[in-house]
Amino acid sequence: MPIRLKIAIQKSGRLSDSSKQLLREAGIKVPNGKNTLLASASNFPLDILYLRDDDIPQYVEDGTADLCILGENVIFEEDRSVQTIRQLGFSRCRLSLAIPKSETYHGPSYFQGRKIATSYPGILANYLSKQQVEAEIHEISGSVEIAPNIGLADAVCDIVSSGSTLFSNGLKEVETILTSQAALIGQKDLSPEKEAILDKLLFRLDAVRAAETNKYIILNCENENIEQISNILPGIKSPTVVPLAQSGWSALHSVLPEDDFWEIIDALQTAGAQGILVVPIQKMIL
Ligand code: PRT
Ligand code: ZN
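Residues numbered from 1 in each chain as written. Chains lettered and ligands numbered in written order. Predicted model: local features only at pLDDT ≥ 70, side-chain atom pairs only at ≥ 80, totals over all residues. Heavy atoms only, no water.

**A word on the nonpolar core**
By size, the foremost hydrophobic cluster in this structure holds 29 residues, and its most contacted members are Ile28 and Leu184. At the level of secondary structure, the elements contributing two or more residues to this core comprise β1 (5-10), α1 (16-25), β3 (46-51), β4 (67-71), β11 (182-186) and α6 (192-213). No other element matches the 6 residues that α6 contributes to this core. Sequence-distant contacts of Leu184, that is, excluding residues within four places in its chain, are made with Ile7, Leu67, Cys68, Ile69, Gln83, Thr84, Ile85, Arg86, Leu88, Leu202 and Leu205. Of all hydrophobic cores here, the second largest spans 18 residues; its members include Leu95, Ile116, Leu124 and Leu128. (Core = buried A, V, L, I, M, F, W, Y, C linked by side-chain atoms within 4.5 Å. Buried < 20%, exposed > 50% of the residue type's maximum accessible area, 1.4 Å probe, protein only. Helix = DSSP H or I, 4+ residues; strand = E, 2+ residues; numbered from the N terminus. Contact = heavy atoms within 4.5 Å.)

**Digging into the pattern of salt bridges**
Evaluation of the coordinates by the stated rule reveals 10 salt bridges. With a shortest N-O distance of 3.0 Å, Arg80 and Glu78 are connected by a salt bridge. Using a relative accessible area of 25% as the deciding quantity, one classes Arg80 as partly exposed. The structure contains a network of salt bridges with shared partners spanning Glu61, Glu78 and Arg80. (Salt bridge = Lys/Arg side-chain N within 4 Å of Asp/Glu carboxyl O.)

**Comments concerning the sheet that holds strand β15 (residues 274-280)**
Ordered in space as β13-β14-β12-β15, the 4 strands form an open sheet in which the pairing is antiparallel. Bordering the open sheet on either side are β13 (240-243) and β15, each of which pairs with just one other strand. Ignoring which end each strand starts from, the neighbouring axes of this sheet average 20° apart. In terms of strand pairing, strand β12 (residues 214-222) meets β15 through 5 bridges, oriented antiparallel. Directly across from Ile217, in β15, lies its bridge partner Val278. Here helix α8 (residues 258-270) sits on the sheet in contact with β12, β14 (249-257) and β15, set at roughly 150° to β14. (Pairing = 2+ DSSP bridges. Axes fitted to C-alpha atoms, helices over the stretch in contact; angles between N-to-C directions.)

Remember that the coordinates give geometry; whether it matters functionally is a separate question.
Structure, rendered in structure tokens:
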């Protein structure tokens, strides 16, 4: 039997659609996983295990799965013997402490002697001990945000993304303990055969990620401005310069990190750039 890698992804939940989409953008035919626990990609040596996210770290640690896509927060909490291979940029969130809006907050000593509800007792205990604060940790598995309102705790330590859950429960965020995003996590010791498949997978995932974070830019300018505009464009190498039908004018093509675009747009226009187009990239091999 040819060797295949096994990747565990969340069956349904916040990570599942983006995990499947990432693998599909890497050209891997991923079955939907609706009524199945295990499925095989037909065009890549990868099997997909669809699981609850809480069960995944154990499966990777004990070798039932070689890899997984999981929120870093879960890995930080569980302290498993696994390794983070790549951060994947989606499902970004933070783990924060929040208290009732009406309370005055002066710093972490606020929590001394108080009761904090959380699903992340390990990370919270670590944070409190670093702050030299003694508090009672009350572990609950869901709906942490209602704990202060029903008198179960004085504060919460929970995952936040938009902040609207805290807000609608009359809470305010006062400390961020960690930030998290989805990550590709792997077993510590893969066989050389499996490492070789992982390298192929990473080559594809890196091409997808690079394409997501970069844009293709096309602009027109008079030839005398080419040098100045080229100096502003970060690009992978120097820009491609294509003459326009109108003499004395050229089009410049380049690639730039999306985050840089808004920073340099004014400088480009001041240097004489016109008709600027910013176009998504499908795959980018560096
Ligand atoms: O069923 P299963 O056990 O597999 O899933 P789950 O319900 O345990 O996890 P799920 O799908 O809710 O979350 C999976 C992962 O998504 C988490 O481990 C995080 O890494 C990541 N993530 C990103 C989030 C959020 N954003 C998020 N907003 N996980 C949870 N939330 C919850 C949070 O607990 C709180 O209740 O959303 C609420 C806060 O959201 P805002 O937008 O109101 O601030
Ligand atoms: Zn879960």
